[in-house]
Every structure is written in structure tokens, then in C-alpha cells.
Amino acid sequence: MTNDDPSGISDEDESDPVMPSMGTLVIRTWHEPDQTPGFRARITYSQAPGDEPSTVSTADQDEVLSVVRQWLSTQPVPPSDV
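Overview of the structure. (Residues numbered from 1 in each chain as written. Predicted model: local features only at pLDDT ≥ 70, side-chain atom pairs only at ≥ 80, totals over all residues. Heavy atoms only, no water.)

1. Notes on the side chain of T58
Here is step 1 of the chain: As for its position among the elements, T58 is in strand β3 (residues 54–58).
Here is step 2 of the chain: Within the local environment of T58, its side chain forms a polar contact with the backbone nitrogen of D60, the two atoms lying 2.9 Å apart. (Helix = DSSP H or I, 4+ residues; strand = E, 2+ residues; numbered from the N terminus. Polar contact = N/O pair within 3.5 Å; in protein donor to acceptor, adjacent residues only side chain to side chain.)

2. Focus on the sheet that holds strand β1 (residues 24–31)
Here is step 1 of the chain: Pairing is antiparallel across the open sheet formed by three strands, whose spatial order is β1-β2-β3. Each of the sheet's edge strands pairs with one partner strand only, and the pair in question is β1 and β3. Averaged over all adjacent pairs, the angle separating strand axes in this sheet is 10°, with direction ignored.
Here is step 2 of the chain: In this sheet, strand β2 (residues 39–46) lies alongside β1 in antiparallel orientation, the contact comprising eight bridges. Residue pairing across strands places W30 opposite R40, the latter belonging to β2.
Here is step 3 of the chain: Contacts between helix α1 (residues 61–74) and the sheet are confined to β1, β2 and β3, with β2 contributing the most and set at about 15° to the helix. (Pairing = 2+ DSSP bridges. Axes fitted to C-alpha atoms, helices over the stretch in contact; angles between N-to-C directions. Contact = heavy atoms within 4.5 Å.)

Right, here's the structure in full:
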């Protein structure tokens, strides 16, 4: 199988044992012209690769940012270079 990703990382690569595994966060946004405020977002996330994903739907931009901040604060920090 070829890898078209310019980063050289494929989904088939094994995890780096030094790097902690991170979860996934996907934000989908769209415009709803007949609704107020007209903005909608669906956020799907997991804290770790094996976790069942959670979903939040909102029309509040601040709630989107809050979910992202909360998700980021729970992700493992890679070890610092010594």
C-alpha cells in the first residue's frame, strides 16, 4: 500500500513508545441561514484511542472553544527534550 501523506506517517505505523497516545477531536461546522444564530457545530472526541467517542452539538461558538480547551487539557504531554 502506498502512503500519499507527505509527512511520511501512515495509519499503519506503530505508535512511538516514547510518545503517549492521544485521543481524537473532530469539529464539523456549517451555516444554517434559517436559524438564529445560523452557526452550528458538531464536535466528536475521545480522550484516548480506545475510548468510545463523545459528541456535542451546539450553536454557541464559546461552547466549541470550551470543549476544545477541556479536551486539550486532558491530553498527555509529550516528554520534553533533555
